[in-house]
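# What the coordinates show
Here is what each chain is made of, one letter per residue.
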Amino acid sequence: MKGLILAGGYATRLRPLSCSKPKLLFPLVGVPLVDRMAAWFGRGGVTEVILAVNHLSDKLRVDVSRRRLDTKTVLSVEETPLGTGGPINLARPLLDKDEPLIVANGDVISDIDLRGLITVHARSGAEATIALVSAEDPRPFGLATLDANDRIIGFEEKSETNRGPGWINAGVYALTPKVIAMIPHGRPVSLEREIFPILASQGKMRSWKHTGFWYDIGKIPDYIIANRQLLQRVEFRGTTSVEPSMPMAMIRQPSYIGENCTIEDSAKIGPYTILSERVSVKRGAEVSETIAFEQTTLGENCTIEDSVIGEGVTVGKEAMIGKGSIIAGQVVIPDRAIIRTGSVILN
Ligand code: GDD
Ligand code: MG
């Protein structure tokens, strides 16, 4: 069975971090989202994943080809953004003609049971089966209305009127080739606004209610929350603790130290600190509640609190980065600089 990840668009809500890094390469507890999603697809029985991208697709191509993902991946690149439906049309030559396609939004991390969803989809004879999660406020999402048998009888994207708790679209679907044939050609199409409401009104849509973890990391605050909460799960954190080669460094848990990081003596890390691979923490640096992307250098005696540091950033000696700051990729923070609380530093 094949899968497709919708990973285009401009990820404006993740700027400035997304200016130099496609969403799929954002680290989630130190490991790129695409790796985590490929592994999840693989566990669900998907054998090939199509990455439907446009923005920064070359970066993604280079990165994905360099690393070994758990599931085979191929890229399908749009010239101009085609919404959530158009990219599926574009990938049609790559799809199986008589099997459902598993589609996932490329900013969602969850432990949705794909095998369960696929089984229900096959048994029910529905044209589309979509995973749902419950939300207190459904307005930023797609809201489904269900009948007593969990059939979806209504679907409304970004409803203004329904404020109460409800079942929302988790951004994970099984779609039959018939649904894919319904998607108009040659223009951007929204699955959620143009296709799902029709299928729901025709009674051709089934739901798969998910009660495990689920995060849409498409906005920076949500990205940070997802990292902090998933850090507490052993399947994300792994079993890394203090490396024996750094006996004098102090690491407060929960924290995650990626591969090939170097942490010098007397550095203090954590709690809730996530270092991607190849991060270098110099002597005396104090880094708490912070996410550092790959290949950052956190200088001697610097202090960093509750911030996100983009890839390749260098933080100078004795620099101070105040709470809630976001530093774009490749920025150099000079020695002894003071970055005020809540700053966004662009490249
Ligand atoms: N290839 C491609 N081309 N992908 C796109 C495009 C495009 O033009 N536009 C958006 N996408 C991708 C995004 O990268 C994202 O992974 C996914 O499609 C959904 O788009 P978002 O912009 O993140 O939508 P949303 O978060 O506001 O709402 C969607 O997700 C919610 C769950 O998180 C909808 O599917 C809602 O119904 C759903 O509840
Ligand atoms: Mg989203």
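Residues numbered from 1 in each chain as written. Chains lettered and ligands numbered in written order. Predicted model: local features only at pLDDT ≥ 70, side-chain atom pairs only at ≥ 80, totals over all residues. Heavy atoms only, no water.

### Details of the overall build of the protein chain
Along its length, the protein chain carries eight helices and 30 strands. In terms of overall size, the protein chain behaves like a compact globule, its C-alpha atoms giving a radius of gyration of 21 Å where 347 residues would be expected to give roughly 20 Å. The principal-axis extents of the C-alpha atoms in the protein chain amount to approximately 65 × 40 × 35 Å. Burial analysis of the protein chain (347 residues in total) assigns 53% to the buried set. Counting contacts in the protein chain only where the partners sit at least 6 residues apart, residues at least 24 apart contribute 51% of the total. Accessible surface, the protein chain: about 15500 Å² in total, of which carbon and sulfur atoms supply 50%. Taking the 40 positively charged and 40 negatively charged side chains of the protein chain as two groups, their mean positions are separated by 1 Å. (Helix = DSSP H or I, 4+ residues; strand = E, 2+ residues; numbered from the N terminus. Rg over C-alpha atoms; globule rule 2.2 N^0.38 Å. Buried < 20%, exposed > 50% of the residue type's maximum accessible area, 1.4 Å probe, protein only. Contact = heavy atoms within 4.5 Å. Areas by Shrake-Rupley, 256 points an atom, 1.4 Å probe, with all protein chains shown as cover. Lys, Arg positive; Asp, Glu negative; His and termini not counted. Charge placed at Lys NZ, Arg CZ, Asp CG, Glu CD.)

### Some points on the side chain of N89
Looking at where N89 falls in the secondary structure, it is placed in helix α3 (residues 86-90). Polar side-chain contacts of N89 include one of 2.5 Å to the side chain of R92. When sequence neighbours within four positions are dropped, the list of residues in contact with N89 reads I180, I183, P184 and H185. (Polar contact = N/O pair within 3.5 Å; in protein donor to acceptor, adjacent residues only side chain to side chain.)

### Comments concerning the site of ligand 1
Taken together, 26 residues surround ligand 1, and among them E78, E157, N169, E192 and D216 come closest. G142 has a polar backbone atom sitting 3.0 Å from an oxygen atom of ligand 1. Contact with the protein chains covers 90% of the free accessible surface of ligand 1, which is 730 Å². Mapped by element, the contributors of at least two residues to the shell around ligand 1 are β11 (166-175) and β13 (214-216). A class-by-class count of the residues in the shell around ligand 1 yields nine nonpolar, nine polar and eight charged. (Near = heavy atom within 4 Å. Nonpolar A, V, L, I, M, F, W, Y, C, P; charged D, E, K, R; others polar.)

### Some remarks on the packing of aromatic side chains
One pass over the structure, following the stated rule, counts nine aromatic pairs. Between F26 and F293, the aromatic rings sit 5.5 Å apart at their centres with planes inclined by 75°, giving edge-to-face as the arrangement. Here the residue F26 occupies a position in the loop between β1 (2-6) and β2 (27-28), and F293 occupies one in the loop between β21 (291-292) and β22 (297-298), the gap between them amounting to 267 residues. Given the relative accessible area of 0%, F293 is considered buried. An aromatic cluster is defined as three or more aromatic residues linked by ring pairs; in this entry it consists of F26, Y223 and F293. (Phe/Tyr/Trp six-rings, centres within 6.5 Å; stacked < 30°, edge-to-face > 60°.)

### Observations regarding the pairing of strand β4 (residues 48-53)
Summarising burial for β4: six of the six residues are buried, a large majority. Neither face of β4 is left uncovered, since the one carrying E48, I50 and A52 and the one carrying V49, L51 and V53 both have all their residues buried. Pairing of β1 with β4 involves five bridges; the strand directions are parallel. Paired with I5 across the strands is L51, a residue of β4. Where the polypeptide runs from β4 across helix α2 (residues 57-66) and back to strand β5 (residues 72-77), its parallel neighbour, the crossover connection is right-handed. (Pairing = 2+ DSSP bridges. Right-handed = clockwise from strand over helix to strand, strands pointing away.)

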